[in-house]
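Below are the chains, spelled out letter by letter.
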Amino acid sequence: MSQIEPSNAFAALGLEPAIVMALNELHFVEPSEIQRLMIPPALTGVDVIGQARTGTGKTAAFGLPILQRLDLAHPLQALIVTPTRELAIQVEAEMVRFARHKAARMIVVYGGQKIQHQTKLLERNPHIVVGTPGRILDLNQRGSLPLANMKFVVFDEVDRMFDIGFRDDVRKILALCKGPRQTIFVSATINDDIERMVQQHMINPQRIFTAKADESLTNPEAVQYVVGVQPWDKLRALRLLIQQEQPTLAIIFCRTKRSVDKVSHGLRERGINASAIHGDLLQNQRERVMRGFRTGKINVLVATDLASRGIDVHEISHVINYDVPEDPEAYVHRVGRTARMGATGKAFTFVSLGQAQLQTEIEKMINHLLEEYRIPGFTPSMEPSKRPGAMPHGATDSLSSPQHAAADTSAAPSAAAQADGYAPTSFTSAESAAARRPITGRFPTRRRR
Ligand code: AMP
């Protein structure tokens, strides 16, 4: 009896044997939704806009068709632009894995590394260049990276690119890629801004949506909680939460670099294996921290939003928004770091007085009410300036504006007042009772339909 070959779901999408073989070796068995929907049209060469949640396999969705359609006789054919260095490094690494049975050459270019080194790499005539916008333009201006003959141009995480101010660079890069080309945009969210860019720079694009309007935009596998906690209590609450949850790997998101440094220091003080990552670190320091996190030497990464993209580490069990994101799209990206590719995860968002509106915006965006979570055994403490013996206008001025209270939370209490045994007041004062409703999210939320 003849043996029946198991059907290969990737071959059925139109992918060639050299790529299918690599995917088999990488143990990719089933295409993810974005791969199933995006690979066939992308293989025909049409422009594509793909909306996909983070961690859903979008790199393969745009990368495999490009790999297949490259003409290996010509260098500098594909440009993949990412908003952050980390994502650029990751995308290139992933493409190298996919290309193991092809003779395609690729390099990654990004700021913070010697430009001469990257110029040398470009002299080797790679087929694919992955990079961040600023460095791509810099290399182009120096004449090392001509863009006019690029046949494939991908902008990954376009929404994020716009968020962090790369809109003009995106426009410039698209204008420089003037030859006939296939343009692919990938984004977790598609807003009017992106639509305008699409209209100007794409030809009859095929639209692929994987996050349906009535579905949560974040990974459904991530359980999402909101924790009502005042700014001066946040570090204490965080330590307790980490001790109770015992995350395998956790990312704590803060709004500012200063807050990142303080929180990571405050965790290490209590023996929690935490490291900070933000834009002020040198590139090699960032890479060292990321390596430590990937290999599990560091359990807790404390990061700014800049680091929220491109962290592709599978076992992230917890995402904690120490500072509630001011932009609801940032929430989607932060929470997208956990529960990747079918794994489970938990997301906790700390919300203080006066931040109810930010919570509402998030809930509208994800079309889901965040579940309230009370940290067992956690007792809120009195505002430091109101404690007996406190100076009338104490060192807690950062708390006077609740909207911005999140910016510098760990700085508020003195070490003594911060001690976990400080006699607490629960939220029972008139002020707190009035404020409780907004904190906990029990208010009508307009649902997006
Ligand atoms: P991405 O969204 O491209 O960052 O991919 C997330 C992770 O999922 C990466 O580590 C990929 O290697 C992995 N991955 C992507 N597609 C598949 C698949 N079809 N099967 C198994 N793993 C995948």
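Now for a quick tour of the structure.

So, the packing of helix α13 (residues 328-335) against helix α14 (residues 356-366)
When two helices pack together, their arrangement is captured by the angle between the axes and the distance separating the axes.
Step number 1: The N-to-C vectors of α13 and α14 enclose an angle of 65°; their axes lie 8 Å apart at closest approach. Compared by their axis directions, α13 and α14 come out roughly perpendicular. Helix-helix and strand crossings are classified by hand; for α13 and α14 the assignment is right-handed. The residues of α14 that touch α13, namely those facing Pro 328, Glu 329, Tyr 331 and Val 332, are Glu 361, Ile 362, Met 365 and Ile 366.

Considering the sheet that holds strand β10 (residues 274-277)
Step number 1: Taken in spatial order, the seven strands of this open sheet run β10-β11-β9-β12-β13-β8-β14, and their pairing is parallel. Edge strands, defined here as strands with exactly one partner in the open sheet, are β10 and β14 (371-372).
Step number 2: Alignment of β10 against strand β11 (residues 300-303), held across four bridges, turns out to be parallel. By the bridge assignment, Ser 275 is partnered in β11 with Leu 301.
Step number 3: In the packing of α13 onto the sheet, contacts are made with β8 (222-228), β9 (250-253), β12 (318-321) and β13 (345-351), and the angle to β12 comes to roughly 155°.

Things to note about the environment of Gly 55
Step number 1: Mapped onto the fold, Gly 55 is located in the loop between β1 (48-51) and α3 (58-69).
Step number 2: Gly 55 sits 283 residues away from Thr 338 along the chain, and the two C-alpha atoms are 8.5 Å apart.

Brief notes about the sheet that holds strand β7 (residues 206-209)
Step number 1: Strand order across the open sheet formed by seven strands is β3-β4-β2-β5-β6-β1-β7, with parallel pairing between neighbours. Since the sheet does not close on itself, it has two edges, and those belong to β3 (106-109) and β7, each with one partner. On average, adjacent strands in this sheet sit at an angle of 15° to one another, irrespective of strand direction.
Step number 2: The pairing of β1 with strand β6 (residues 182-187) spans four bridges and is classified as parallel.

Focus on the pairing of β3
Step number 1: In terms of strand pairing, β3 meets strand β4 (residues 128-131) through four bridges, oriented parallel. What sits directly across from Val 108, in β4, is Val 130.
Step number 2: Handedness of the β-α-β unit built from β3, helix α5 (residues 115-123) and β4 comes out right-handed.

Considering helix α6 (residues 133-141)
Step number 1: Taken together, the buried positions of α6 are Pro 133, Arg 135, Ile 136 and Leu 139.
Step number 2: Where α6 is buried, its residues contact β2 (78-81), β3, α5, β4, α7 (158-163) and α8 (167-176).
Step number 3: In the segment just after α6, Gly 143 is the residue with positive phi, at about 85°.

Some points on the packing of α3 against helix α4 (residues 85-98)
Step number 1: Remark: α3 packs on α4, axes separated minimally by 10 Å, with the N-to-C direction vectors making an angle of 50°. Relative to α4, α3 is oriented oblique. Between α3 and α4 lies a crossing whose hand is right-handed. Residues Thr 59, Ala 60, Gly 63, Leu 64 and Leu 67 of α3 pack against Val 91, Glu 94, Met 95 and Phe 98 of α4.
Step number 2: Partitioned by chemical class, the residues of the contact of α3 with α4 number six nonpolar, two polar and one charged.

A few points about the pairing of β2
Step number 1: Residues Ala 78 and Ile 80 of β2 are buried on one face, and the alternating residues Leu 79 and Val 81, pointing to the opposite face, are buried as well.
Step number 2: For β2 and β4, the ladder comprises four bridges, and the chain directions are parallel. Along β4, the bridge assignment pairs Ala 78 with Ile 128.
Step number 3: Of the strand pairs in this sheet, β2 and strand β5 (residues 152-156) are connected by four bridges, and their pairing is parallel. Considered in β5, the bridge of Ile 80 is made with Val 154.

Rules of the game
- Residues numbered from 1 in each chain as written.
- Predicted model: local features only at pLDDT ≥ 70, side-chain atom pairs only at ≥ 80, totals over all residues.
- Axes fitted to C-alpha atoms, helices over the stretch in contact; angles between N-to-C directions.
- Helix = DSSP H or I, 4+ residues; strand = E, 2+ residues; numbered from the N terminus.
- Parallel < 35°, antiparallel > 145°, perpendicular 65-115°, else oblique.
- Left-handed = near helix turned anticlockwise from the far one by under 90°.
- Contact = placed C-beta atoms within 7 Å.
- Pairing = 2+ DSSP bridges.
- Right-handed = clockwise from strand over helix to strand, strands pointing away.
- Buried ≥ 20, exposed ≤ 12 C-beta atoms within 10 Å, placed from the backbone.
- Nonpolar A, V, L, I, M, F, W, Y, C, P; charged D, E, K, R; others polar.

Purely geometric stuff here, so don't read any function into it on its own.
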